[in-house]
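Structural characterization, general
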Amino acid sequence: ESAGETIVTLNRDGLYLFMNKTGAERLGGKPEDFVGKTMWDVFPRDVAESRLATVRMVIDTGQGTNLTGKIQAQGQERWYSASIEPLRDSAGKVIAALVFARDIHEMRQAEMELNAYREKMANAERLASMGTLSATLAHELTQPLTVIALSIEDSLAELEKTSCPQTVKEGLRDGLNGVANATAIIDKFRNFVRKSSEKTIDKVNLGAVAERIVKLLNKSTQQAGIKLHLRRLGKLPPVYLNEKDLEQLFFALVQNAVQAA
């Protein structure tokens with residue numbers, strides 16, 4: 001009675017032989033309201049049969065078991081963790097089962113909320129990483145695709161002045177349409193990630209973000225014969241915004257400047 005947890009004993013027919021005060025109160029009554037009744041009198045039929053199957057297994061095998069699940073009491077479903085052990089008479093014969101049930105509803109709810117939060121944070125991290133990657137890929141792919149498209153357009157313009165076979169021109173136009181489709185797919189992917197990513201606003205160091213982007217683009221700028229310099233960004237105060245958005249902004253500005261130069 002001083003345990004503070006539900007303690008009951010049941011026979012193989014699901015008849016309550018004993019129930020402590022805590023267990024009875026959780027079911028909305030007193031011990032005498034339940035002793036002498038069966039599990040079918042207390043729980044819905046499917047729940048009673050499922051629980052009784054476990055009780056019978058313990059009685060028949062003489063081996064205890066543990067289970068965790070929901071039990072509906074007083075119109076409310078709550079999580080319980082139960083230990084079911086065999087009770088023996090003086091001759092060692094198993095005559096009933098002892099059930100010790102602990103209410104773990106609040107702990108289970110907190111655990112589920114924590115897991116949901118962890119999954120949410122992991123998803124946000126994946127989306128944020130994908131956002132940065134999509135910006136890099138979009139700019140890296142858009143430049144050569146633009147060159148290809150311009151080259152095809154120039155070639156078509158020159159071929160219009162000649163007696164080139166129509167099939168050659170149609171093939172080039174098909175290639176131009178393919179480039180346009182590839183560019184559209186890149187834009188869709190970039191827009192999808194941008195819309196899907198959760199926006200986290202935080203204090204951001206402008207100089208640190210700029211330095212990171214410069215290092216990222218350092219190889220491509222060297223190939224273009226251009227040098228990038230950061231000046232006086234360290235004197236700027238931090239700003240509150242989404243760091244991934246700022247990375248994409250700096251990336252676009254620097255990449256466009258390199259291409260223009």
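Throughout what follows, the structure given in this document is the object of discussion. It should be emphasised that the depicted structure is a prediction, and the values quoted were computed from it without experimental measurement. (Residues numbered from 1 in each chain as written. Predicted model: local features only at pLDDT ≥ 70, side-chain atom pairs only at ≥ 80, totals over all residues. Heavy atoms only, no water.)

1. Some details on the pattern of salt bridges
Put simply, the rule is: For this document, the term salt bridge refers to a Lys or Arg side-chain nitrogen within 4 Å of an Asp or Glu carboxyl oxygen. Think of it in three bands: with a 1.4 Å probe and only protein chains considered, a residue is buried below 20% of the maximum accessible area for its type, exposed above 50%, and partly exposed in between. Elements are defined by DSSP. Helices are runs of H or I of four residues or more, strands are runs of E of two residues or more, and each kind is numbered from the N terminus.
Enumeration according to the criterion identifies 14 salt bridges in this entry. Between E77 and K70 there is a salt bridge; the shortest N-O distance is 3.9 Å. You can call E77 partly exposed: its relative accessible area is 45%. Judged by relative accessible area, which is 41%, K70 ranks as partly exposed. Its salt-bridge partner being E247, residue R212 comes within 2.7 Å of it at the nearest N-O pair. Remark: E247 occurs in helix α8 (residues 243–260) and R212 occurs in helix α7 (residues 206–223); sequence separation between them is 35 residues. Taking the relative accessible area as the measure of exposure, R212 reaches 37% and is therefore partly exposed. Through salt bridges with shared partners, a single network forms among E5, R26 and R102.

2. Let's talk about the packing of α7 against α8
Helices that pack against each other are described as a pair by the angle of their axes relative to one another and the distance between those axes. Basically, it comes down to this: Axes, fitted as lines to C-alpha atoms, cover a helix only where it is in contact. Angles between the N-to-C directions of the axes lie from 0 to 180 degrees. Note on angle classes: values under 35 degrees are labelled roughly parallel, values over 145 roughly antiparallel, values of 65 to 115 roughly perpendicular, and the remainder oblique. Two helices cross in a left-handed way if the nearer one is turned anticlockwise from the farther one by less than a right angle. They cross in a right-handed way if the turn is clockwise. Two residues form a contact once any of their heavy atoms are found within 4.5 Å. Under this grouping Gly is polar, as are all residues other than the nonpolar Ala, Val, Leu, Ile, Met, Phe, Trp, Tyr, Cys and Pro and the charged Asp, Glu, Lys and Arg.
Two elements in contact, α7 and α8, have axes separated by 9 Å at closest approach and are oriented at 40 degrees. The angle between the axes of α7 and α8 places the two elements in the oblique class. In this structure, α7 meets α8 at a crossing whose hand is right-handed. Residue-level contacts link L206, V209, A210, R212, I213, L216, L217, S220 and T221 of α7 to E243, L246, E247, F250, F251, V254, Q255 and V258 of α8. In the contact of α7 with α8, the residues fall into eleven nonpolar, three polar and three charged.

3. Considerations on the pairing of strand β5 (residues 94–103)
Convention followed: We call two strands paired when DSSP finds no fewer than two bridges between them.
As paired elements, strand β1 (residues 6–10) and β5 share five bridges and run antiparallel to each other. Paired with I7 across the bridge in β5 is F100. Relative to β5, strand β4 (residues 76–88) is paired through nine bridges, and the arrangement is antiparallel. If you follow L87 over to β5, its bridge partner there is A96. Turn length for the β4-β5 hairpin, with the two strands adjacent in sequence and antiparallel, is five residues, and the turn residue G92 shows positive phi of about 90 degrees.

4. Side note on empty space enclosed by the protein
Here is the rule: Buriedness for pockets is judged along seven lines, at least five of which must meet protein on both sides within 12 Å for an open set on the 1 Å grid over protein atoms alone, while cavities are sets there where a 1.4 Å probe fits but cannot get out, and lining residues have an atom within 4 Å of a point. Grid points are joined across faces, edges and corners, and a volume is the space filled by probe spheres set on the points.
Counted under the stated rule, the structure contains one cavity of 30 Å³ or more. Volume-wise, the largest cavity comes out at about 350 Å³. What lines the largest cavity is a set of 22 residues, among which T6, F43, I71, V99 and A101 lie closest to the centre. Secondary structure elements with two or more residues in the lining of the largest cavity: β1, β2 (16–19), α1 (21–26), α4 (45–61), β3 (65–73), β4 and β5. In terms of residue count, the dominant contributor to the lining of the largest cavity is β3 (four residues). The class makeup of the residues in the lining of the largest cavity is 17 nonpolar, three polar and two charged.

5. Looking at the nonpolar core
Spelled out, the test is: Joining through side-chain atoms within 4.5 Å is the link that ties buried Ala, Val, Leu, Ile, Met, Phe, Trp, Tyr and Cys residues into a set, and such a set is a nonpolar core.
Among the nonpolar cores identified, the biggest contains 22 residues, and L10 and Y16 are the most heavily contacted of them. Mapped by element, the contributors of at least two residues to this core are β1, β2, α3 (39–42), α4, β4 and β5. Looking at this core, the element that brings in the most residues is α4, giving five residues. Of all hydrophobic cores here, the second largest spans eleven residues; its members include V209, L217, F250 and V254.

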